[in-house]
Every structure is written in C-alpha cells, then in structure tokens.
Amino acid sequence: MTSIGPDEGIWHFDGISATRHHPRLDWTADGFALVLEEGTSGLHPWSDLVPLGGTGGRSIYGLRGVNGWRLAFAGPPPAPFAVHLPLPARYGRWIDRLGLWWALGLFAGLAALVVLIALRAPAWIAPHVPIAWEQKLGDAMVGDLGGRLCETPGSRAAIEKLRRQLGADVPIRQIGIANVPMINAVAMPGGRILLFDGLIREAKSPDEIAGVLAHEIGHVRNRDTMTALVRQLGLSVLLGGFDGNVGGAINGLLAMSYSREAERAADLYSIGAIRAAGISPLPTAVFFDKLGKLSGGERAERAMSWMASHPVSAERKAAFEQSAVKGKRYVPSLSAAEWRAVVNACREDPDVKKAGPIFGF
Amino acid sequence: MGEGLPMADDGKRAFGFSGTWRDYAPIAFTNLLLTIVTLGVYRFRATTRTRRYLWSRTRFVDEPLEWGGTGLELLIGFLIVLVVLGPPFLFLNFGMQALIFQGHVALAFGIGFVAFAIILYMSGLASFRMLRYRLSQTWWHGIRGGSNDKGWAYGWSYIWRNFVGAFPAYLLMPWAMISLWNERWNAMSFGPFAFRGEAESGGLYKRFLIFYQLPFLLVIGAIALPFLFDGRMKPVEPGSEPSTALLLFFMVVPLTLFLILPLIALAFYSKFLRVAVDGLSLATLDFRFTARTKDWFKLVLGDVALVILTLGIGAIFLAYRHWKFFIDHLDATGEISLSELTQSTTAAPGQGEGLADAFDMGAF
C-alpha cells in the first residue's frame with residue numbers, strides 16, 4: 001500500500017455537504033481509499049474514478065455513482081497515483097481517439113456526402129411517391145381555391161383544346177383559371193395547373209398562354225412539384241422552425257421553387273410541345289421578354305441568376321426564338337372566339353368569388 | 001461556526017472571472033471547425049465545452065464553479081423539442097396555407113391563434129426550464145442547485161402576467177417582467193436552500209416611461225420639425241433643392257430609430273437586471289448586479305466591433321464576453337455555512353435546454 005497526504009494541495013468534497021476535506025490517500029493496484037477524520041471511504045476500484053476536463057490546471061476526479069463526489073489536486077496528481085488514472089476527454093471520446101485533424105477530415109468527407117445526398121434526395125424520392133398520394137395532397141392543399149376558379153362552357157372547351165394539343169399523354173387532372181390578379185401560372189401537386197387571371201389579361205394572344213401552359217405541363221410530366229415539395233418538407237424539418245425564427249419559416253407554395261435544371265427541362269418540353277402542335281413559339285418569346293422587363297431588366301436578372309431558379313428571361317426568349325422555323329405556316333392555338341372565352345372566363349362565370357389577392361400570396 | 005465562509009472581508013468580490021481569451025481561443029476555434037464539418041451536430045458538445053471552461057474559470061469565494069452538463073443532454077433536449085414542436089410548425093408551414101387556399105380563412109386564423117398561445121406557453125416554460133437545467137448542472141463544493149418544480153404552472157403564469165402587463169397599453173410590463181423573474185427564482189434552490197426573489201417593479205417606472213413615451217414624442221417631433229426650421233410647409237416640387245428641414249428630418253428619423261431607441265431599451269434593461277438581481281437572495285446571501293447602462297453600452301459596442309472587424313468569426317467569442325461581463329458585475333454579500341450547505345434533493349433533469357434553444361433565448 002502507498003500513501004500520500006494529508007496536504008493542502010489535495011482536497012475532497014463528499015457530495016453530501018459543501019465541507020472541504022483534506023484526506024490521506026491510500027492505494028494499491030486494485031483501488032484507493034480516502035482516510036478522513038470521520039472515517040475511511042473506500043476501497044474504491046480505479047475504474048470508478050472519472051477524470052473531469054477543463055479544470056484550469058487542477059486535476060479533478062469524480063466517482064462513478066456518487067454525484068458531487070470530488071477528489072482534486074492543485075496541479076497534476078502525484079506520479080505513482082497518476083499511473084492508475086485515465087485521461088480526461090478533450091473534444092469528445094470519438095474525436096480524442098481519432099485525433100483532431102483526422103476527425104476533422106473524416107467529418108468533412110461525411111458532411112460533403114450528406115449535403116450531396118440531401119440535395120439529390122428529393123429528385124430520387126419524388127418519382128416513388130404514389131400518384132394517388134400526390135393527388136390527395138394536391139386536393140388537400142388547393143381544393144377549389146376558395147371558389148376562385150373561373151369557368152364557363154366556352155372557356156372549358158378552349159382549355160380542353162389546349163390540353164389536347166400540348167399534353168395529351170401527360171396525367172393532368174385539371175387546368176384552372178384562378179381569379180387572382182397575378183402574372184403567374186403554377187403547377188400544383190397532383191397534376192393540377194393554375195393560370196392566373198392576371199397572366200391571361202397580360203397576354204396578347206392565345207399562343208403566349210400556350211407556351212407558358214406547356215411549360216407548366218412539363219413540370220407536371222416531370223413531377224417537379226413533388227420534388228419541390230419533398231425538398232421543402234425536408235428543409236422545413238431541418239431548418240424551418242428551429243433556427244429561433246418562427247415567423248421567418250420558409251413560406252408558401254410560391255416560395256417553393258424548382259431547380260434550374262427542372263426549369264430548363266420544362267422549357268424544352270414546352271418548345272417541343274408547341275412545335276408538335278404547330279403553334280408559333282415567337283409569341284411566347286415576346287412574352288418572356290415582357291416578363292424580363294417586369295423583373296427589372298436583363299442586367300438585374302443576370303446579377304441574380306445564380307440564386308434565381310428561373311433561367312434568365314433573355315436566354316429563354318432566345319431558346320424559343322431559335323426553335324421557330326422560317327417560312328413555316330403556324331396555326332393559332334385557339335380561334336378568336338375560343339380565346340375570348342378564356343379571357344372573359346372570370347367576368348362571365350356567375351358564381352366565381354370576386355377577384356383579389358389570396359392572403360399569403 | 002468554524003465553517004462559515006465570510007464574504008467581502010478582504011475587499012475581494014464574491015465572484016471573480018479568471019479566464020483569458022487566449023485560453024479560450026483554442027476551444028472556440030476547434031468548436032467552430034468541428035461544428036462545421038459535422039453539419040451542426042457537434043454544437044451540443046461545443047456548448048458543453050464552452051461552459052466547462054467558463055464555469056471552471058468562475059470563482060465563488062474560495063472555489064471555482066463546475067459545469068456538470070453533457071452534450072448528450074442538450075442533444076436529447078433538442079430531439080424532444082423536434083418531436084413536440086415539429087408537427088405544429090409543419091402545420092403552420094403547410095396546413096395553414098392549405099386552409100387559406102381553400103377559403104377557410106377564419107378556421108386558419110383560429111388555429112393560428114391557438115398555435116400562437118401554445119408558442120407563448122412554451123416560451124414561458126422554456127425560460128423556466130433553462131434556469132432549472134443550468135442550476136442543476138452548476139456545482140460548487142460538490143453541491144448543485146435545481147428545482148422540484150417542472151414549470152408547468154409557470155407557463156400559464158407567463159401567459160396571464162404578460163397579458164395583464166400588456167392590456168393597459170403595455171403600462172404594466174415592468175410589473176410583469178419583475179413578477180415573472182421573482183416567480184421563476186422562488187421555485188429554484190441551491191443545495192437545501194431556496195432562492196428568494198423579492199424584487200419590486202416600482203423603481204423601474206421612471207426609465208420605463210421614458211422608453212415608453214419616446215415613440216410618441218418622436219412622432220410629435222417629426223411633425224413639428226419642418227415647422228421649426230421652415231416656418232411654413234412648402235410642397236416639395238420635383239427638381240427643386242430639398243429643404244434643410246427635410247434633410248434633417250431624414251437624418252433624424254433613422255438616427256433615432258436605430259440608435260436612440262435601442263439605447264433607451266438598453267438603459268431600461270440594465271436597470272431591470274440590477275433591480276431583479278438586487279432582490280435575489282439565497283439563505284443569508286444577498287446578490288447584487290452592478291452593470292450600469294454605460295457598461296452595457298460598451299459591451300454591445302464591443303460585440304458589434306468584434307463581429308464586424310473579424311467579418312463574423314469573432315461571433316464565437318460572444319458567449320465568452322457575455323459570461324465575463326455577467327460575472328464581473330455580479331456580487332454577493334453575507335455568509336455561507338459549508339456544513340449546512342448539503343446536497344440538493346431536487347430531481348436532476350435528464351435533458352438540456354432544447355426549448356429555450358428553439359426560441360433563441362438568452363441566458364438571463
């Protein structure tokens with residue numbers, strides 16, 4: 001048996017009261033004991049001793065199973081005692097075992113992998129979501145848009161004609177005209193497309209609408225809405241409400257954006273569809289030009305194009321323009337009467353809810 | 001009694017902080033690195049390392065404090081919050097929108113109101129649980145603090161006191177803040193002794209009223225200013241030189257908004273914390289907090305400079321600065337009997353302050 005103390009530089013708290021004790025330490029290869037005026041505590045096995053880190057030059061140990069029990073040395077513990085002691089954890093057990101730099105490298109590699117998977121995962125998961133689920137989800141999210149869908153017999157027939165020309169083999173469940181004064185069109189989960197009344201009024205001809213509609217049909221065909229939904233769901237779980245900013249949580253279906261590749265693919269589909277239908281792509285090109293001016297001109301768009309999800313309007317305009325075949329005789333997508341029915345759908349539908357921004361739009 | 005530890009007999013403060021930023025820098029930088037490469041998972045362990053350091057360099061009378069919490073507890077707290085708050089947040093993100101989309105605006109706002117009430121309740125609960133967790137993991141002489149109260153009732157108290165405080169045009173907010181502080185601390189203990197929070201809100205009103213009236217005065221001033229300089233109002237004609245009064249107006253308004261208002265809020269908060277801590281005692285110990293508005297101002301200015309001059313990296317030192325500030329201005333007088341300071345019998349919570357974390361709450 002070896003002994004040391006009592007000594008001012010060795011102290012002990014028993015975890016029962018705050019009184020400071022200066023014990024004598026007795027130890028063998030199996031364990032150690034604290035000899036106090038009140039009596040002896042131990043023999044405790046060495047393995048019960050837990051080193052505590054971050055103690056500012058002092059060496060402090062706890063005892064497994066006794067809260068507040070402390071044995072402390074003013075500096076490092078005396079060498080013959082110390083040989084029995086484990087080292088305190090520094091960065092955490094796993095990292096200490098690997099070494100800081102190895103751990104950093106390993107974690108960085110894993111992190112890159114996780115980020116890559118997280119970015120790609122929505123596009124992998126979305127095609128495997130059953131169509132029936134997506135349809136139910138779309139119904140739950142949109143419903144009848146609070147009675148804001150405009151429809152007359154004439155507009156229904158005209159829209160149906162557009163659908164047959166542009167997406168006959170795409171599982172579209174509905175193309176609706178929404179009484180919302182916004183220059184926009186959206187594809188919703190479950191194969192539903194909304195053309196906003198503001199967009200239709202802004203358009204000069206049915207062919208402009210055809211290009212935009214075909215673009216949205218492209219999104220439906222590629223199930224981009226589901227991908228975006230999965231991504232938003234994942235993001236809002238990971239970031240949304242848990243960054244301490246409840247109100248700033250990612251907001252809304254309109255905030256739901258597609259990747260640039262998805263937008264390009266939808267444009268490609270649109271160009272292909274209107275070509276197949278014999279509709280001129282030039283009105284759509286003009287329309288993108290107009291949209292570009294609305295969003296602050298090409299320079300502003302280029303400056304933000306790294307972040308924006310839509311391809312720059314000028315690029316899209318060029319793509320549509322280039323697809324035009326010189327000398328070809330194009331047919332209008334709708335007759336003048338059909339186009340009028342679409343334009344006036346919201347004015348002529350007797351039971352549509354009155355126009356106005358939907359809250360949250 | 002031979003074991004009594006008198007305080008302030010040798011001119012030394014009861015609390016002292018002996019850390020240096022050079023000591024802390026390796027902890028701060030490795031925490032940052034590890035947190036980045038683990039995509040944030042290390043953050044819980046990082047918090048624990050920071051606290052271990054800060055507590056161990058904080059002396060109370062003759063012995064440093066010790067932080068006993070673990071990263072795992074904080075992780076568990078975070079996961080619990082994820083499960084509890086996840087569904088309501090998902091509803092607010094998706095469900096509410098869907099309801100509005102379908103035209104059920106009243107229902108959407110009704111549920112939104114309930115969600116708001118739940119969030120308010122949870123905020124109260126969070127501030128209680130945070131204090132309880134921190135005390136339960138703060139050790140001194142092998143003794144810890146804690147509370148047997150789980151804070152469920154405090155959550156309600158938080159709602160109704162804030163409501164009563166806000167109802168008469170916000171005039172009772174100082175009362176609400178102080179009474180909540182007292183209620184929180186009255187549920188806490190260290191060892192066998194209960195904390196007593198007996199602060200009174202009366203002394204806060206002078207500053208509160210200055211803070212409270214300022215926006216009104218500003219509006220009046222903003223209207224009066226052009227008259228003072230111009231004598232009469234002139235319509236600004238396109239192309240004409242803007243008048244001095246107008247220029248002044250556009251300088252004064254942002255200046256007051258971004259400088260004077262926060263400054264007065266700081267003055268109020270500084271007084272609040274002095275009053276609140278001065279009313280706090282534990283057995284024969286009386287606590288005191290000495291930071292004045294000018295100290296707070298320097299702290300905030302230092303924070304801003306530190307973060308801006310280091311392009312954001314300096315933010316990793318904020319926790320250190322704030323803790324040092326807090327301890328440097330905390331004092332206690334009285335006497336403490338070590339043999340009577342026996343182990344706390346309160347239940348130690350097994351999970352950390354995830355809720356307070358979710359609401360981004362500060363320490364005090």
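Residues numbered from 1 in each chain as written. Chains lettered and ligands numbered in written order. Predicted model: local features only at pLDDT ≥ 70, side-chain atom pairs only at ≥ 80, totals over all residues.

Engineer: Describe the overall build of chain B, listing the residues and the values that go with them.
Structural biologist: From N to C terminus, chain B includes 11 helices and 13 strands. Out of the 364 residues belonging to chain B, those deemed buried represent 37%. Across chain B, contacts joining residues at least 24 apart in sequence account for 70% of those joining residues at least 6 apart. (Helix = DSSP H or I, 4+ residues; strand = E, 2+ residues; numbered from the N terminus. Buried ≥ 20, exposed ≤ 12 C-beta atoms within 10 Å, placed from the backbone. Contact = placed C-beta atoms within 7 Å.)

Engineer: Mind laying out the sheet that holds strand β3 (residues 58-60) of chain B, listing which residues take part and the relevant values?
Structural biologist: All names here are of chain B. Taken together, the 3 strands give an open sheet; going across it, the order is β2-β3-β4, and neighbouring strands pair in antiparallel fashion. Edge positions in the sheet fall to β2 (15-17) and β4 (63-64), since each of these pairs with one other strand and no more. Relative to β3, β2 runs antiparallel, the two sharing 3 bridges. Residue pairing in the sheet places Gly16 in a bridge with Arg59 of β3. (Pairing = 2+ DSSP bridges.)

Engineer: With reference to specific residues and values, describe the pairing of strand β11 (residues 185-188) of chain A.
Structural biologist: Residue and element names in this part refer to chain A. Pairing between β11 and strand β12 (residues 192-196): 4 bridges, direction antiparallel. In the strand pairing of β12, Ala187 is matched with Ile193. The turn linking β11 back onto β12 is made up of 3 residues, and Gly190 within it adopts a positive phi angle of 85 degrees.

Engineer: Hey, could you go over unusual backbone geometry for me, with residue numbers and the actual values?
Structural biologist: Residue and element names in this part refer to chain B. Even without being a glycine, Val61 presents a positive backbone phi close to 55 degrees. Checked against the element boundaries, Val61 lands in the loop between β3 and β4. Backbone geometry places His141, a non-glycine residue, at a positive phi of 55 degrees. Note on placement: His141 falls in the loop between β6 (138-140) and β7 (143-146).

Engineer: Describe the confidence of the model for chain B, listing the residues and the values that go with them.
Structural biologist: Summing up the model confidence of chain B, the mean pLDDT is 82 and the portion of residues at 70 or higher is 84%. Interface confidence for the predicted complex, expressed as ipTM, amounts to 0.76; the pTM equals 0.72. (pLDDT = per-residue confidence, 0-100.)

Engineer: Tell me what's going on with the sheet that holds strand β7 (residues 59-63) of chain A, and back it up with residues and numbers.
Structural biologist: Residues and elements named next belong to chain A. With antiparallel pairing, the 4 strands of this open sheet are ordered in space as β2-β8-β7-β6. Edge positions in the sheet fall to β2 (10-14) and β6 (49-52), since each has one partner strand and no second. Going across the sheet, the axis of each strand differs from the next one's by a mean of 25 degrees, ignoring polarity. (Axes fitted to C-alpha atoms, helices over the stretch in contact; angles between N-to-C directions.)

Engineer: Describe the nonpolar core, and please don't skip the residues or the numbers.
Structural biologist: Nonpolar side chains tend to gather and get buried jointly when the protein is soluble and globular. Grouped together as the largest cluster of nonpolar side chains are 56 residues, with contacts concentrated most on Met177(B), Ile178(B), Trp181(B), Phe272(B), Val275(B) and Ala276(B). Beyond its immediate chain neighbours, meaning those up to four positions away, Phe272(B) contacts Met177(B) and Leu204(B). Formed by 47 residues, the second largest nonpolar core is a distinct cluster that contains Ile172(A), Leu194(A), Ile209(A) and Tyr269(A). (Core = buried A, V, L, I, M, F, W, Y, C linked by C-beta atoms within 7 Å.)

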